[in-house]
Amino acid sequence: MGTLFAFIVLASVTNASPVSAVKAVSPVSQPVFLAVPKPPEGLTLYNTNGEVVARCGKKDDSFANCKMEPGVTLDDLMNAWVHAYQDMQK
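Residues numbered from 1 in each chain as written. Predicted model: local features only at pLDDT ≥ 70, side-chain atom pairs only at ≥ 80, totals over all residues. Heavy atoms only, no water.

### Some thoughts on the overall build of the chain
When helices and strands are tallied, the chain shows two helices and three strands. Along the chain direction, N to C, the helices and strands of the chain fall in the order α-β-β-β-α. Across the 90 residues that make up the chain, the buried fraction comes to 9%. In the chain, once contacts between residues fewer than 6 apart in sequence are set aside, the share between residues at least 24 apart is 18%. Accessible surface for the chain amounts to roughly 8300 Å². Of this, 61% is attributable to carbon and sulfur atoms. (Helix = DSSP H or I, 4+ residues; strand = E, 2+ residues; numbered from the N terminus. Buried < 20%, exposed > 50% of the residue type's maximum accessible area, 1.4 Å probe, protein only. Contact = heavy atoms within 4.5 Å. Areas by Shrake-Rupley, 256 points an atom, 1.4 Å probe, with all protein chains shown as cover.)

### Thoughts on the pattern of salt bridges
On inspection of all chains with the given rule, the structure shows one salt bridge. With a closest N to O distance of 3.3 Å, Glu69 and Arg55 form a salt bridge. Note that Glu69 is positioned in the loop between β3 (62–68) and α2 (74–89) and Arg55 in strand β2 (residues 52–59), a separation of 14 residues in sequence. Residue Glu69 is classed as partly exposed on the basis of its relative accessible area of 25%. (Salt bridge = Lys/Arg side-chain N within 4 Å of Asp/Glu carboxyl O.)

### Digging into the nonpolar core
Burial of nonpolar side chains together is a common tendency in soluble globular proteins. Judged by nonpolar contacts, Leu43, Leu45, Val53, Ala54, Cys56, Val72, Leu77 and Ala80 together constitute the single largest core of eight residues. Of all elements in the fold, only β1 (42–46), β2 and α2 reach the threshold of two or more residues within this core. The element best represented in this core is β2, accounting for three residues. The residues touching Leu77, leaving out its near neighbours within four places in the chain, are Leu45, Val53, Ala54, Met68 and Val72. (Core = buried A, V, L, I, M, F, W, Y, C linked by side-chain atoms within 4.5 Å.)

### Concerning the state of the cysteines
Considering all chains together, one arrives at one disulfide under this definition. Bridging Cys56 to Cys66, the disulfide has an S-S length of 2.0 Å. One quick way to see it: the torsion about the S-S bond of Cys56 and Cys66 is about 115 degrees, and its sign makes the bridge right-handed. Separated by ten residues along the polypeptide, Cys56 in strand β2 and Cys66 in strand β3 bring together distant segments of the chain. The buried category is assigned to Cys56, whose relative accessible area is 7%. For Cys66, a relative accessible area of 43% gives the class partly exposed. (Disulfide = S-S within 2.5 Å.)

Quick look at the structure:
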C-alpha cells in the first residue's frame, strides 16, 4: 500500500498532472430574512426630483411631528403632499 501511494505522489509531482487539493465546502443555509421587516414608522415626503422634503412620525392612525428638511419651502412641502395624495388615489 505504501508503494502504491508513493507511486501516485511521485507521478503527480513529476508529470505536473492537474491533481489539486480538494477543499471541503459545507453548505451554509441562511434564512431569507435576518429580521422580519417592519411597516414604516412614519411618512417621508419627496419632491418630483426624489429629494426628501419632510419626515413625519406616525401616531395611531395619523401623522404627527412633521419636520421639513433644511432649505425646503412651504410651497415645496405642499406640492409634496399633493403629489403623495394623488399617488395614493391611483
